[in-house]
Amino acid sequence: MTAISVLFDLDGVIIDTETQYDIFWRKTGEEYQLADGFEHIVKGTTMSNILSRHLSHLSEEEQKKIEDANHQFEQTMSYEPIPGALEFIDKLKAAGIKIGLVTSSDDKKLKIVFNRLPIKELFDTIVSSDRITEGKPHPMCFLLGAKDLGALPDQCIVFEDSFQGIDAGNAAGMKVVGLSTTNPESAIQNKVWKVIPDFRELTLEDLYN
C-alpha cells in the first residue's frame, strides 16, 4: 500500500461543536447587524480572519470584546466526540499511520479541549491558528501539517466538514474526505473525494480505494 498521512480538522470532525458555535456567531451577527446567516459565513476559519474580513469596521475595543466573549463561550461548551472518531484514530495509530490535527482554533481553545478530552498525545503534530498567518481556505495550515509529518501533499488525506476547510485541503493538493456533520452531503459531494456521516463505518481500506 502507498504510504499515507492523515490530517484531521477538529470542530465538526473530531468533536461535535459546530451547532454550539452557530449559537454564538448567530447572536453576534444579530447584535452587530451583520449579514444574515453570519454563523455559516465564518464557519471553519480563524478568529483573526473573522475579525479582519468581517469585523474590521468595529473598534479594536469591540473586536477584543467579541474575541473574549468567544473564549468565555468556549469554556461553557461540551466537547463530545463525533461517533467513531476516536476509535478510527486508534486504528490509524495501530497501523503506524502518522496523523496531525489541523484546526482554526487557537491554543487557548485547544487547552480547554485537551483538558476535557485527553486526545493531545494521539497526534504526531498539531497546527493551530497560532502557527499560521493565513487561515482556511488558504492551504497554509495543511501544507504545514504535511511538512511536520514529512509527507508530500499527495500522500495526505484530509478530513474536513466546512466549505472553508474543504477548499483549503483541495488547494493543498490533498485528498479530502468530507463529513456531512455541518453541511449536507449534497452540498459537499462534488468538492470532496468521499463523503461520510461519521467514522463508524469507515475502514482503513477505504483510505486506499
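Conventions used here
- Residues numbered from 1 in each chain as written.
- Predicted model: local features only at pLDDT ≥ 70, side-chain atom pairs only at ≥ 80, totals over all residues.
- Heavy atoms only, no water.
- Pairing = 2+ DSSP bridges.
- Helix = DSSP H or I, 4+ residues; strand = E, 2+ residues; numbered from the N terminus.
- Axes fitted to C-alpha atoms, helices over the stretch in contact; angles between N-to-C directions.
- Contact = heavy atoms within 4.5 Å.
- Buried < 20%, exposed > 50% of the residue type's maximum accessible area, 1.4 Å probe, protein only.
- Lys, Arg positive; Asp, Glu negative; His and termini not counted.
- Salt bridge = Lys/Arg side-chain N within 4 Å of Asp/Glu carboxyl O.
- Right-handed = clockwise from strand over helix to strand, strands pointing away.
- Phe/Tyr/Trp six-rings, centres within 6.5 Å; stacked < 30°, edge-to-face > 60°.
- Disulfide = S-S within 2.5 Å.

Engineer: Got a minute to help me understand the sheet that holds strand β3 (residues 125-127) in this structure?
Structural biologist: Two modes of strand pairing occur in sheets, parallel and antiparallel, and in both the strands are linked by backbone hydrogen bonds. The six strands lie next to each other as β3-β2-β1-β4-β5-β6, forming an open sheet whose pairing is parallel. In the strand order of this sheet, the two ends are held by β3 and β6 (194-196), each with one partner. With direction set aside, neighbouring strand axes in the sheet form an average angle of 20°. Pairing of strand β5 (residues 175-179) with β6 involves three bridges; the strand directions are parallel. Its bridge partner lying in β6, Leu179 is registered against Ile196. Along the sheet, helix α5 (residues 85-94) makes contact with β1 (5-8), β2 (98-102) and β4 (156-160), crossing β1 at roughly 155°.

Engineer: Just checking my understanding: could you explain the environment of Leu55 for this structure?
Structural biologist: If you trace the backbone, Leu55 turns up in the loop between α3 (47-54) and α4 (60-76). Exposure remark for Leu55: the relative accessible area of 0% places this residue in the buried category. Sequence separation between Leu55 and Tyr32 is 23 residues, and the spatial gap between their C-alpha atoms is 9.0 Å. Discounting residues that sit within four places of it in the chain, Leu55 has contacts with Leu34, Ile50, Gln63 and Ile66.

Engineer: So what exactly am I meant to see when it comes to helix α8 (residues 163-171) here?
Structural biologist: Each turn of an α-helix holds 3.6 residues, which means side chains three or four residues apart point in the same direction. Those residues of α8 that fall on the buried side of the exposure criterion are Gln164, Gly165, Ile166, Ala168 and Gly169. Gly173 occupies a position one or two residues after α8 and carries a positive phi of about 80°.

Engineer: Whenever I open this one, the side chain of Asp106 confuses me. Can you help?
Structural biologist: With respect to the helices and strands, Asp106 occurs in the loop between β2 and α6 (107-116). One buried charged residue, Asp106, forms no salt bridge at all, with the nearest opposite charge on Lys108 at 6.2 Å. Not counting residues up to four positions away in its chain, the partners in contact with Asp106 are His71, Ser128, Ser129 and Asp130.

Engineer: For this particular structure, what's the right way to read the pairing of β5?
Structural biologist: A regular strand places its side chains on the two faces of the sheet in alternate fashion. With respect to burial, β5 is a largely interior element, four of its five residues being buried. Bridge analysis of β4 against β5 gives four bridges, and the strand direction is parallel. Along β5, the bridge assignment pairs Glu160 with Gly178. The parallel pair β4 and β5 is bridged by α8, and the resulting crossover is right-handed.

Engineer: Can you help me understand the packing of aromatic side chains in this one?
Structural biologist: Aromatic ring pairs: the centre-centre distance and the angle between the two ring planes describe each pair. If you walk through the whole model with that rule in mind, you get eight aromatic pairs. Taken together, a centroid distance of 5.1 Å and an interplanar angle of 10° make the contact between Phe8 and Phe159 stacked. Here Phe8 is found in strand β1, whereas its partner Phe159 is found in strand β4, with 151 residues between them in sequence. Summarising the burial analysis for this pair, Phe8 and Phe159 share the class buried. Look at Phe88 and Phe159: their rings are 6.0 Å apart centre to centre, the planes differ by 65°, and that puts the pair in the edge-to-face class.

Engineer: Just checking my understanding: could you explain the state of the cysteines for this structure?
Structural biologist: Structurally, a disulfide amounts to a covalent bond that connects the sulfur atoms of two cysteines. Taken as a whole, this structure holds zero disulfides when the rule is applied. Among the cysteines around Cys141, which has no disulfide bond, Cys156 carries the closest sulfur, lying 12 Å off.

Engineer: Looking at this model, I keep getting lost on the pattern of salt bridges. Mind explaining?
Structural biologist: Side chains that carry opposite charge are capable of pairing whenever their charged atoms lie near each other. Throughout the structure, instances matching the rule amount to ten salt bridges. The salt bridge involving Arg26 is made with Glu39; its shortest N-O contact spans 3.2 Å. Of the two residues, Arg26 sits in helix α1 (residues 18-31) while Glu39 sits in helix α2 (residues 38-41), which places them 13 residues apart along the sequence. By relative accessible area, Arg26 is classed as partly exposed at 35%. The exposure class assigned to Glu39 is buried, which follows from its relative accessible area of 8%. In this structure, Asp124 engages Lys93 in a salt bridge whose closest nitrogen and oxygen atoms are separated by 3.6 Å. Of the two residues, Asp124 sits in the loop between α6 and β3 while Lys93 sits in helix α5, which places them 31 residues apart along the sequence. For Asp124, a relative accessible area of 42% translates into the label partly exposed.

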